[in-house]
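Topology and contacts: notes
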Protein chains: 4
Amino acid sequence: LFIGGEWIEATNIQDLYSPYDGEKIAEIPFATIQEVDSAISAAEKTKKLMKKMPAHERADILDNVSRLIGENREECARLIATEAAKPIQTARGEVARTIMTYKLASEEARRLPNEMVNMDAAPGGENRTAYVLREPSGIVAAITPFNFPMNLVAHKLGPAIASGNPVVLKPASQTPLSAYYIADLFDKAGLPKGALNVVTGAGSVVGERLVTDDRVSVITFTGSPEVGKDIRNKAGLKKVTLELGSNSAVIIDKDVHIDEMVDRLIQGAFTYQGQVCISVQRIYVHDSKKRELVKKMKEKVDQLILGDPMDDATDVSALIAPKERDRLLSWIEEAVTKGAKIVTGGELKGPMITPTILENVDSTMKVSCEEVFGPVVTVSTFSDWSDAIDRVNDSDYGLQAGVYTEKLSHAFTASEDLEVGGVMINDIPTFRVDHMPYGGLKNSGTGREGIKYAIEEMTERKLVSFKLS
Amino acid sequence: LFIGGEWIEATNIQDLYSPYDGEKIAEIPFATIQEVDSAISAAEKTKKLMKKMPAHERADILDNVSRLIGENREECARLIATEAAKPIQTARGEVARTIMTYKLASEEARRLPNEMVNMDAAPGGENRTAYVLREPSGIVAAITPFNFPMNLVAHKLGPAIASGNPVVLKPASQTPLSAYYIADLFDKAGLPKGALNVVTGAGSVVGERLVTDDRVSVITFTGSPEVGKDIRNKAGLKKVTLELGSNSAVIIDKDVHIDEMVDRLIQGAFTYQGQVCISVQRIYVHDSKKRELVKKMKEKVDQLILGDPMDDATDVSALIAPKERDRLLSWIEEAVTKGAKIVTGGELKGPMITPTILENVDSTMKVSCEEVFGPVVTVSTFSDWSDAIDRVNDSDYGLQAGVYTEKLSHAFTASEDLEVGGVMINDIPTFRVDHMPYGGLKNSGTGREGIKYAIEEMTERKLVSFKLS
Amino acid sequence: LFIGGEWIEATNIQDLYSPYDGEKIAEIPFATIQEVDSAISAAEKTKKLMKKMPAHERADILDNVSRLIGENREECARLIATEAAKPIQTARGEVARTIMTYKLASEEARRLPNEMVNMDAAPGGENRTAYVLREPSGIVAAITPFNFPMNLVAHKLGPAIASGNPVVLKPASQTPLSAYYIADLFDKAGLPKGALNVVTGAGSVVGERLVTDDRVSVITFTGSPEVGKDIRNKAGLKKVTLELGSNSAVIIDKDVHIDEMVDRLIQGAFTYQGQVCISVQRIYVHDSKKRELVKKMKEKVDQLILGDPMDDATDVSALIAPKERDRLLSWIEEAVTKGAKIVTGGELKGPMITPTILENVDSTMKVSCEEVFGPVVTVSTFSDWSDAIDRVNDSDYGLQAGVYTEKLSHAFTASEDLEVGGVMINDIPTFRVDHMPYGGLKNSGTGREGIKYAIEEMTERKLVSFKLS
Amino acid sequence: LFIGGEWIEATNIQDLYSPYDGEKIAEIPFATIQEVDSAISAAEKTKKLMKKMPAHERADILDNVSRLIGENREECARLIATEAAKPIQTARGEVARTIMTYKLASEEARRLPNEMVNMDAAPGGENRTAYVLREPSGIVAAITPFNFPMNLVAHKLGPAIASGNPVVLKPASQTPLSAYYIADLFDKAGLPKGALNVVTGAGSVVGERLVTDDRVSVITFTGSPEVGKDIRNKAGLKKVTLELGSNSAVIIDKDVHIDEMVDRLIQGAFTYQGQVCISVQRIYVHDSKKRELVKKMKEKVDQLILGDPMDDATDVSALIAPKERDRLLSWIEEAVTKGAKIVTGGELKGPMITPTILENVDSTMKVSCEEVFGPVVTVSTFSDWSDAIDRVNDSDYGLQAGVYTEKLSHAFTASEDLEVGGVMINDIPTFRVDHMPYGGLKNSGTGREGIKYAIEEMTERKLVSFKLS
């Protein structure tokens, strides 16, 4: 446990195993309520200090973290690959993005969006100078998932520190190593002790306490809709950002060149075994292009290399846990029973599920209507553009959607009518750069991340008005 | 009931009485769950229409409403005076502000804060044109209090309509008349039928349904902390803005001229019998000025005229309900028992409580630590500036604070250290113009009102990205 | 002359004649240098008053002007039709836009873009609160053209008054009546006397003086490039906005429906006899669509009705002056001599030139490379998209361009590569709404109009920094 | 000469001498018109490349430059000290700021202020998606002064490169070494060849050509008012930013602690021999504080160490040229003749003028009304606050002003009424951090620097509107 800038021996310890080969990789602390309390207390003590810290110092600390990760790129990537079974090439990509995320946070630290208010715009407001400061909200409790153990942590720590808030971080139980590693880098980067605390453990203990403790001002959570809603309903007047799941879709119009997008679709569907919130799960392709698309996708999928995440050649490895594997196999089975056809994949290969393309899928099957979070993509067809849009919208989720078309009117119609947080014209829904606003509608969550947007959710507006005589 | 643009006969009816003389003034509908449902359904049907409506049409409708109120000023003021026992002069002031609030909403309708995103700021984002649209969130459920029956309704309807959302409005049970009146004006102003629905009734029926119905996207509530928290914990992933109470304070430094501020303090403490969220409740005055302040305040208070709200001369009238009168008398009694001294007031005069100044108050007395919402102000002293700030902060609330000083360093220290949503230098905490950000910290709520700020809370960001080849 | 809020008898008077029938329509003052001086002095005296005027008062004055024009719509339209020979239907359109322009100015008056500066973003800036005010620059000299005698005046008076600057207006010598009319409305609307002065007369006297007088801070000019450059080179450190000419072009791709755009093109080319800065002058159509386009345009053009501007049926009337008629005829003759072919038009009909379509035009002909400012449009073809863009860019001007295409990549390529101030995808270059940024590159000018953009050019940033101990 | 990314042997060469000891320090090129031409041509060729370069690449180049300067801090400082006779400690301070300036430019490169336009805010604008891009204006000609040879160059190169413009830089003839040094660092940092060209030589040749060449789009000049106005009057439609001189003033109220500000005043008046645009030249102190102020300033001034700029101990060294020394001595003489009294200084000491305090100064003396640009400060008194403000305003210049007061109303009055580009409450006018808006009114220039503000002056707004069917 990293509390108050010190490494604390935890009362309880659990073993951590590799998702790929089941080997034990570390022992990690399972915090008690008392330990969570002391982390919150440590954060509490730094509130004033963090609030008063000049912007350029906050910027420097984050810039230092960015630089330190850059100096330890490979070590970071291997940590991620080990604890999350993320193929090492993909893990390196995550590290590169993490470097950028902290750099962006450094830059935004200088730019808290304070603003003037023209009080004299309304009668009664004459002779006043007024402005609105963005003050740090207070302690931020960050609860992060396993799938981007460094970059999704950066999306919470970056804006929190940038805007002058202390943090208590609860990383996913499967991916604590990179979180503790980052804590160490923040310490080296000059962050005051206590401004970042890392507490691993059970959601029912650590998470529960963070959500209900009155000293915590902001909860920022990335994870499942069930847990997200539960957090929201227990959090009282706290600010809560929830980045939940999705069953992201892409629409492919008839005027496009399939060759130009097949690699991108494969990437969107199978990178990190599809364990990405905005993984391509549903493809809606125009009738006329379906055969070509499925054929070309199958060719590419069959070339994907399954194996050890530490191996440079590996494209796809094991899911994060055996129960996820079982769940996914049962969903595929359900789909097949209901009439879906497996184009390729759908099998166990050691601890891994082979990358899977399904067709003849309908919207009641779990592989379509729920979040698959695994290496499975479904391909359906449409003939009418507005029908394609309706089918994407026929979902409890609304995170991002992709649209391939060369037609101006189709592009704009889709951008208007799709009920999602982000519409990617001529790209997959999986597209994200770390400064864009990111977040969803419906069960996909509430609030937006992307540094400057997350900063909005971690600060409070304070109006200051001077009446001049 | 006003549902789908039609006046609907309600199943249940209750009598409405004057808070001042207890006379029956109207019969009002008490909606059933089915009636609430049909209001939500009516709103649901206009979602698409409202979203597609051009900004200038939304602006025109709101401008029309503003103009129509202007053409019916006196009638509006009399409605408010009747149902809320608000002295007619004060009611006229509220009407003037309401006209401005809708005008500001009209102007903001043209200015939804859509913005560009420079995707190429990070590697991977090259060759993209991207922007963020502010789309209407969906149905807004507005739950409003009795104390500003027109202007606080405007602060919810204005931004909701400006940003293209349909609304279901539940006004306070004591002040439904002005709400129905506004519904009629919106109808005349050209708002599509169904885009505004007004449903009066019990919080446990109407409020409960609005908060839990999945078709509602936004709850905007002004009222008590207890109800506010309950709403928040039942609202799931809905967006929720809560404007709750306060025990607002003002600090008076030693270098100021008491004469210049006494009228303003009286106004802040006793306007509408103190039933204002940001009423002056706690005065902290420098030792050296206390005697002068209390003396001059007492003189002014004793000149205030109590009486019929319809009378032009009346300064102070009855509280909104007999039980509030009883509550307040018991609080004064508690304070006196604990050692407080009544400078003036504290008595019943017909249905009214005489304007009350208390001294020798400590922070454990209800008149200090809870929200008084009545014609009572406490005066305490301080000798040290930072001590004054600490005592203002020693509260569960944090809405606005006033600070009178001529000293630059005192002014800025206060503006930084006061834990409130708004600091008014050289003014009372009661100051508000309708376009400034307004809202509190701690138990005073979450979110900000003030048209453009409220619009943020009623819209969702949608990112649209075009990848260019 | 309207100076210091008074109607001043001028020393010199000239007769004003109708461009259509040559009848005398009024006598107008021709100001002497002394009279210009006294106008500047009158403006000077109101500088302080205008700077201190609360935003809501400035907003109200402009709102009043907007309303007063609305109440005198037909009179305004007839004034314009009379002095400018603008067909009455078109004049009514201008009046409607003028109402909107002043309304937008009213709204922007409340929104001067003051902003905070986070001083602590750099070392040395700690412990400071700082902001940037937009203060009025000082006296604005507005020099306006004949072609939109009300709305282009509004685009200078609106932002000037909105941002607290006094104005000296020199309208075009042919269109003084509407300018004096507006001066009267501003007076009625409550503008302080002296804050708006109208001085008609010779450019060499009035214009020259305004440009060189040290008391004038801003020149805003709409007119010819020659005069514009001359102003710029004499204006010293004054701020200067120049809205000069153009030979606007539109590109028509092969995938479009000609029927949907023919009316719009005719409108763009011949409205007000083509005397519009962004009139459609050059059409570049894909080879495959040329024949259809020319045929359909000819049909429509031949139906246009020439005649008295006061007649509701008139589409096209006389040019502003006989010498313009002669110039244009000589340009057409030059083009024909060099090989151009007249599809239709090119003839005198009473005082009017018949609406003219030319083909076989090359870029050296004056009808192509200079600003035609008359009822002439040229049609050329292209086969390659990038070639079409190059040919639009092969111009000394760069105001706006239109692009009709249904192809996403063509649309974005054009938007990036066209060297103009505004690219209108699927519209004519003539498109303008009054709040959009409007202005050109190259010889088309410098600076942008469109209320809030013009306000930027009429205000100075003042940084205010408070160092806190 | 550095042209097109190559080091070019110049036709003409001149010797460069040390301002301190007159030793020859280098030979520098004096460019011919042909050489200037080829620099412009080289820049022209990179326009397209620079415009299309992704923001993150522009950011990286500038970040690299910032880092490279950091790695060569001492060398940079010694270059400045050598060519400009800037005391080495002060030179080191300039280098530190230069590092920050390029870093800020790097960050702003990612943030070009593109924005959306809500076209549907006015009738006629329905069904449109529109935005405004900030496109690079084209070639920027940067003409820089001797006094901050690195940081004022950075204030032109930084924003120019950040916004995608190629540059031709003409540094001051006395300080070319650091300019060529920076050119080399930009080359190493990855800037495309030709995007930065450095041409030294005569203003009548190099400057003249840059100002009049049609291929140049932006002139950004820091220097004297005479040259500035001349540039403006020759530059035609080019955008021109002028940062000219000032005779900056500070007001000292009666309620302040002199001890807390004396060091700061000395620093403001004598740093780099007063050769700073915002050097403290005029002090207006309240009568009651004058004696104390002058006494304490004299004590400090007499401790200042004059000497070799390369010496760590040196506070003040020689002026930039013998003719400046002569000019300044004659101004002091004029002042004394007219009745001024020398408190201290006013003598030659080797090549240096001793730091000088003057009292009994009136506003007609050159040391008061013109820009002193040397180690001379005048002290005058006032009794009435508004009188002090009037006297500061009684100047042809208006760059920055300082105000020391503890009185809220005095501070705000000064901030409103001072006619300058920046008001520094409780600081000297000499205060500047590199991201704040910086620039003056009146003869102090036009336009603002400070990276993001300079970027506005180096970019053109392009409106792109998509009409949707």
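The structure displayed is predicted, hence computed values, not measured ones. (Residues numbered from 1 in each chain as written. Chains lettered and ligands numbered in written order. Predicted model: local features only at pLDDT ≥ 70, side-chain atom pairs only at ≥ 80, totals over all residues. Heavy atoms only, no water.)

1. Side note on the packing of helix α8 (residues 225-234) of chain C against helix α8 (residues 225-234) of chain D
Applied cut-off: Only the stretch in contact is used when a helix axis is fitted, and all axes are lines through C-alpha atoms; the angle between N-to-C directions ranges over 0 to 180 degrees. Only DSSP runs of H or I reaching four residues or more are called helices, and only runs of E reaching two or more are called strands; each is numbered from the N terminus. Angles below 35 degrees are treated as roughly parallel, those above 145 as roughly antiparallel, those between 65 and 115 as roughly perpendicular, and all remaining angles as oblique. Only heavy atoms matter for contacts: two residues are in contact if any of them lie within 4.5 Å across the pair. Note on residue classes: Ala, Val, Leu, Ile, Met, Phe, Trp, Tyr, Cys and Pro are nonpolar, Asp, Glu, Lys and Arg are charged, and everything else, Gly too, is polar.
Close contact between α8 of chain C and α8 of chain D brings their axes to 6 Å; oriented N to C, the two are set at 175°. Accordingly, the angle class assigned to the pair α8 of chain C and α8 of chain D is roughly antiparallel. For the pair α8 of chain C and α8 of chain D, contact is made by R232, N233 and K234 of chain C and by R232, N233 and K234 of chain D, respectively. Grouping the amino acids of the contact of α8 of chain C with α8 of chain D by side-chain chemistry returns no nonpolar, two polar and four charged.

2. Some remarks on the pattern of salt bridges
Here is the rule: One side-chain nitrogen of Lys or Arg within 4 Å of one carboxyl oxygen of Asp or Glu is enough to make a salt bridge. Here's how the labels work: a residue is buried when its accessible area is under 20% of the maximum for its type, exposed when over 50%, partly exposed in between, all with a 1.4 Å probe on protein chains only.
All told, the structure shown has 176 salt bridges over all chains when counted by the stated rule. Close ionic contact of K103 of chain B with D63 of chain C constitutes a salt bridge, the shortest N to O distance being 3.1 Å. Taken together, the residues K103 of chain B in helix α4 (residues 88-109) and D63 of chain C in helix α2 (residues 55-71) connect one chain to another. Judged by its relative accessible area of 14%, K103 of chain B falls in the buried class. Taking the shortest distance from any N to any O, the salt bridge between K193 of chain C and D187 of chain C comes out at 3.1 Å. The class for K193 of chain C is partly exposed, based on a relative accessible area of 45%. Residue D187 of chain C is classed as partly exposed on the basis of its relative accessible area of 26%. The network of salt bridges with shared partners includes D37, R209, D213 and R215 of chain A.

3. Brief notes about the interface of chain B and chain A
Put simply, the rule is: Counted as a polar contact is a pair of N or O atoms within 3.5 Å, where, for protein atoms, one must be capable of donating a hydrogen and the other of accepting one, and residues adjacent in sequence contribute only when both atoms are in side chains.
At the interface, 61 residues of chain B touch 61 residues of chain A. At the surface where chain B touches chain A, the tally comes to 12 salt bridges. Residue E460 of chain A is joined to R448 of chain B by a salt bridge in which the shortest nitrogen-to-oxygen separation is 3.4 Å. Summed over the shared surface of chain B and chain A, the result is 37 residue pairs in polar contact (both at pLDDT 80 or more).

4. A word on the relation of the copies chain D and chain A
Here is the rule: Each copy is superposed on the other by least squares, with the fit set by C-alpha atoms of residues at a pLDDT of at least 70 in both.
Between chain D and chain A, the superposition needs a rotation of 180° and an axial shift of 0.0 Å, giving an RMSD of 0.0 Å. The two molecules are tied by a two-fold rotation axis, judged by turn and shift. For chain D, the minimum C-alpha distance to the rotation axis belongs to E107 of chain D and amounts to 3.3 Å. Most of the interface of chain D is mirrored in chain A, where 100% of its interface residues are also at the interface.

5. Describing the environment of S383 of chain C
All names here are of chain C. By the element assignment, S383 lies in the loop between β18 (376-382) and α13 (385-393). When the C-alpha positions of S383 and S217 are compared, they lie 49 Å apart, and in sequence the two are 166 residues distant. Apart from the residues within four sequence positions on either side, S383 is in contact with H286 and D287.

6. Comments concerning a negative patch on the surface
To be explicit about the condition: Residues enter a patch when their relative accessible area is above 30% and they make no salt bridge; the linking distance is 9 Å between like charges and 5 Å between nonpolar side chains (Val, Leu, Ile, Met, Phe, Trp, Tyr). Accessibility throughout is a Shrake-Rupley quantity obtained with a 1.4 Å probe, and a residue counts as covered only by protein chains that appear here. By the counting rule applied here, Lys and Arg register as positive and Asp and Glu as negative, while His and the ends of each chain are not counted. We put the charge of a Lys on NZ, of an Arg on CZ, of an Asp on CG and of a Glu on CD.
Taken together, the side chains of E226, E370, D384, D390, D394 and D396 of chain A define an acidic patch exposed on the protein surface. Tracing the backbone through its elements, the reader meets D390 of chain A in helix α13 (residues 385-393).

7. Remarks on the relation of the copies chain B and chain A
The transform that puts chain B on chain A rotates by 180° and translates by 0.0 Å along the axis, for an RMSD of 0.0 Å. When the interface residues of chain B are mapped onto chain A, 100% of them again lie at the interface, so the same face is used by both copies.

8. Remarks on the environment of A142 of chain D
All names here are of chain D. Looking at the secondary structure, you find A142 in strand β7 (residues 139-143). Taking the C-alpha atoms as reference points, A142 and A388, 246 residues apart in sequence, are found 37 Å from one another. Look past the residues within four positions of A142 in its chain and what remains in contact with it is K156, V167, V168, L169, K170 and T220.

9. Let's talk about the confidence of the model for chain A
So the rule is basically this: Per-residue confidence from the predictor is reported as pLDDT, a score between 0 and 100.
When pLDDT is averaged along chain A, the result is 97; 100% of the residues meet or exceed 70. Reported for the predicted complex are a pTM of 0.97 and an ipTM of 0.97.

10. Points about helix α7 (residues 203-212) of chain C
An α-helix turns once per 3.6 residues; consequently, residues spaced three or four apart project the same way. Residues and elements named next belong to chain C. The condition that has to hold: This arc is built from the directions going out from the helix axis to the C-beta atoms.
What α7 keeps buried is the set V206, G207, L210 and V211. Down the axis of α7, the smallest arc covering the buried residues is 125°, so these residues share one side. Among the structural elements, α1 (33-52), β7 (139-143), β8 (167-170), β10 (216-222) and α8 are those in contact with the buried residues of α7.

11. Looking at the side chain of S444 of chain B
Residue and element names in this part refer to chain B. For S444, the location among the structural elements is in the loop between β22 (441-442) and β23 (445-446). Engagement of the side chain of S444 in a polar contact is seen with the backbone nitrogen of G398, the distance being 2.8 Å. Those residues in contact with S444 that lie beyond four places of it in its chain are L242, E243, L244, G245, S246, Y397, G398 and L399.

12. Notes on the sheet that holds strand β17 (residues 356-359) of chain A
Short version of the rule: Strands are treated as partners if at least two bridges between them are detected by DSSP.
Reading across the sheet, the 10 strands line up as β14(A)-β17(A)-β18(A)-β13(A)-β12(A)-β20(A)-β21(A)-β24(B)-β6(B)-β5(B) and stay open at both edges, with mixed pairing between neighbours. Both edges of this open sheet fall to β14 (341-344) of chain A together with β5 (115-117) of chain B, since each of them pairs with a single strand only. The average angle at which neighbouring strand axes cross in this sheet is 25°, direction not considered. Two strands pair when backbone bridges link them, and β14 of chain A and β17 of chain A are joined in this way by three bridges, in the antiparallel orientation. Paired with T344 of chain A across the strands is I357 of chain A, a residue of β17 of chain A. The strands touched by helix α10 (residues 287-301) of chain A are β12 (249-252), β13 (282-286), β14, β17 and β18 (376-382) of chain A; relative to β13 of chain A, the strand with the most contacts, the crossing angle is about 135°.

13. Focus: the interface of chain D and chain A
Our working definition: Accessible-area loss on putting two parts together, using a 1.4 Å probe and summing over both, is the definition of buried area adopted here.
Counting residues at the interface gives 16 residues for chain D and 16 residues for chain A. On the chain D side of the interface with chain A, the three residues burying the most area are E107, R111 and F412 of chain D, jointly 37% of the side's total. Linking chain D with chain A are eight salt bridges, by the criterion used here. One salt bridge in this structure joins E107 of chain D and R111 of chain A, with 2.6 Å as the shortest N-O distance.

14. What to know about the sheet that holds strand β14 (residues 341-344) of chain B
Pairing is mixed across the open sheet formed by 10 strands, whose spatial order is β5(A)-β6(A)-β24(A)-β21(B)-β20(B)-β12(B)-β13(B)-β18(B)-β17(B)-β14(B). Two strands close off the open sheet at either side, each with one partner strand: β5 (115-117) of chain A together with β14 of chain B. Within this sheet the neighbouring strands show an average axis-to-axis angle of 25°, counted without direction. Across nine bridges, strand β6 (residues 128-136) of chain A lies against strand β24 (residues 459-467) of chain A in antiparallel orientation. If you follow L133 of chain A over to β24 of chain A, its bridge partner there is K462 of chain A.

15. Describing the packing of aromatic side chains
This is how the line gets drawn: Stacked, tilted and edge-to-face are the three classes assigned to paired rings of Phe, Tyr and Trp, where Trp is represented by its six-membered ring and a pair needs centres within 6.5 Å; plane angles under 30 degrees give stacked, over 60 edge-to-face, the rest tilted.
For the structure on display, the rule yields 36 aromatic pairs over all chains. Ring centres of F382 of chain A and W385 of chain A lie 6.0 Å apart, and the angle between their planes is 65°; this geometry places the pair in the edge-to-face category. Taking the relative accessible area as the measure of exposure, F382 of chain A reaches 2% and is therefore buried. Ring geometry for F146 of chain D and Y272 of chain D: centres 6.4 Å apart, planes at 65°, overall edge-to-face. Taken together, the residues span a long stretch of sequence, with F146 of chain D in the loop between β7 and α5 (151-162) and Y272 of chain D in the loop between α9 (262-270) and β13 (282-286) at a distance of 126 residues. Comparing F146 of chain D with Y272 of chain D, the two get one shared label, buried.

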